[in-house]
Amino acid sequence: MSREVPERLLAALRDARHVCVLTGAGVSAESGVPTFREAQEGLWSKYRAEDLATPEAFLADPALIWRWYRWRRGVVGNVEPNPGHRAIARLAGVVPRLTLVTQNVDGLHRRAGSRDVIELHGNLFEDRCFADGTLHAGDDGLDVPTCPDCGGHLRPGVVWFGEAVPEPALDASCAAAADCDVFLSVGTSSLVYPAAGLAKQNGAVVAEINPNPTSQAAGFDFALAGNSGIVLPELVDWLAL
Ligand code: BV8
């Protein structure tokens, strides 16, 4: 019997046609990436991430925001996916259909081997033209990189607060949440919308994996109070038996 995963959840996963997994910053915590709401480090400790991740903050001081994103690129560039990321990649080969939706912008699911990742909030390592959103090759190293087409500012290819999540990503996420038989909410505080609204879209069995149960956990079928890097490998090992 699994230490961490209830038999009823394992049974639901074994019978599932389609499993939808939503991840947040907590799934990258065991890789050494600070979660979104943890106090930031060093220079960034005097800022709140939510205050920096906005178009207003970028327009007010693009150089400051670029420094923050380059710091984050450095942090993520020096870490590896953890057993939780790798377990989700393995899960895709154990269930008939898996949809992975992530709020994370760190690209660690892809590096762990997951394909077809729905990056709801974009990707830290992409550069986009602030004016028209077109993608451009890596930044030119200037304090504030410029768009080769229009000469305006480039920005990191992430979705900021107050910006719409890309429609195709949101539509695909909502469709998967509505169709799945089991929904796993992993490593997210369930505070940021529209991602936080994906769970409980239908009669699916919903399980949260988070050492700190969230406000939504009471409405879920299971709340596994553990680290994703421990719980997920165990869950997939039992499923694969
Ligand atoms: C939008 C990219 C509308 C940038 C991010 C209702 C409906 C719609 C919108 C809203 C709404 N109410 C409020 C809003 C506005 C806002 C919002 O949700 N605000 C919140 C704060 C209330 N939403 C938006 O602005 C969204 N846009 O709705 O637009 C619109 C429509 C049309 C036209 C114009 C506009 C856009 C939101 C996207 C923001 N961008 N990231 C960047 O990264 O720089 S969000 C950011 O938060 C990160 O992506 C992060 O992933 C995400 C969510 O946070 P979490 O992942 O949950 O991370 P957190 O730190 O909070 O929690 C970590 C958890 O892990 C903890 O619970 C911890 O216990 C746990 N944990 C720790 N260790 C482990 C662990 N778990 C497992 N294992 C461990 N080892």
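What counts, and where the lines are drawn
Residues numbered from 1 in each chain as written. Predicted model: local features only at pLDDT ≥ 70, side-chain atom pairs only at ≥ 80, totals over all residues. Heavy atoms only, no water. Near = heavy atom within 4 Å. Polar contact = N/O pair within 3.5 Å; in protein donor to acceptor, adjacent residues only side chain to side chain. Areas by Shrake-Rupley, 256 points an atom, 1.4 Å probe, with all protein chains shown as cover. Nonpolar A, V, L, I, M, F, W, Y, C, P; charged D, E, K, R; others polar. Buried < 20%, exposed > 50% of the residue type's maximum accessible area, 1.4 Å probe, protein only. Helix = DSSP H or I, 4+ residues; strand = E, 2+ residues; numbered from the N terminus. Pairing = 2+ DSSP bridges. Domains from an automatic or database assignment. Contact = heavy atoms within 4.5 Å. Buried area = accessible area lost by both parts, 1.4 Å probe. Axes fitted to C-alpha atoms, helices over the stretch in contact; angles between N-to-C directions. Parallel < 35°, antiparallel > 145°, perpendicular 65-115°, else oblique. Left-handed = near helix turned anticlockwise from the far one by under 90°.

Section: the site of the ligand
- Close to the ligand lie 36 residues; Arg37, Tyr69, Arg72, Gly162 and Ser189 are nearest.
- Backbone polar atom of glycine 162 to an oxygen atom of the ligand: 2.7 Å apart, as the coordinates give it.
- One nitrogen or oxygen atom from the main chain of tyrosine 193 is found 2.7 Å from an oxygen atom belonging to the ligand.
- In isolation the ligand exposes 1500 Å². Once the protein is present, 74% of that is buried.
- Partitioning the shell around the ligand into residue classes produces 18 nonpolar, 14 polar and four charged.

Observations concerning the pairing of strand β6 (residues 154–158)
- Counting buried positions along β6 gives five out of five residues, so the element sits mostly inside the fold.
- Examined bridge by bridge, strand β4 (residues 122–129) and β6 share four bridges and lie antiparallel to one another. Counterpart to cysteine 129 in the pairing with β6 is leucine 154.

Focus: the domain arrangement of the chain
- Once the domains are mapped, the chain shows domain 1 (1–32 + 81–121 + 165–241) and domain 2 (34–78 + 124–158).
- On a C-alpha basis, the centroid separation for the pair domain 1 and domain 2 is 27 Å.
- Taken together, the contacts link 11 residues of domain 1 with 11 residues of domain 2.
- Carbon and sulfur atoms supply 58% of the area that domain 1 and domain 2 bury against each other, a total of about 760 Å² over both sides.
- Counting the surface domain 1 buries against domain 2, the share from its top three residues, Ala25, Val105 and Asp106, is 45%.
- A per-class count over the side of domain 1 that touches domain 2 returns five nonpolar, four polar and two charged.

Looking at the packing of helix α5 (residues 83–91) against helix α8 (residues 228–240)
- Where α5 contacts α8, the two axes come as close as 7 Å, and the packing angle between them is 25°. One way to sum up the angle between α5 and α8 is to call them roughly parallel. Judged by the twist between their axes, the crossing of α5 over α8 is left-handed. Counting all contacts with α5, which are made through Pro83, Gly84, Ala87, Ile88, Arg90 and Leu91, the residues of α8 involved are Ser228, Gly229, Leu232, Pro233, Leu235, Val236, Asp237 and Leu239.
- Here the residues of the contact of α5 with α8 are counted per class, giving nine nonpolar, three polar and two charged.

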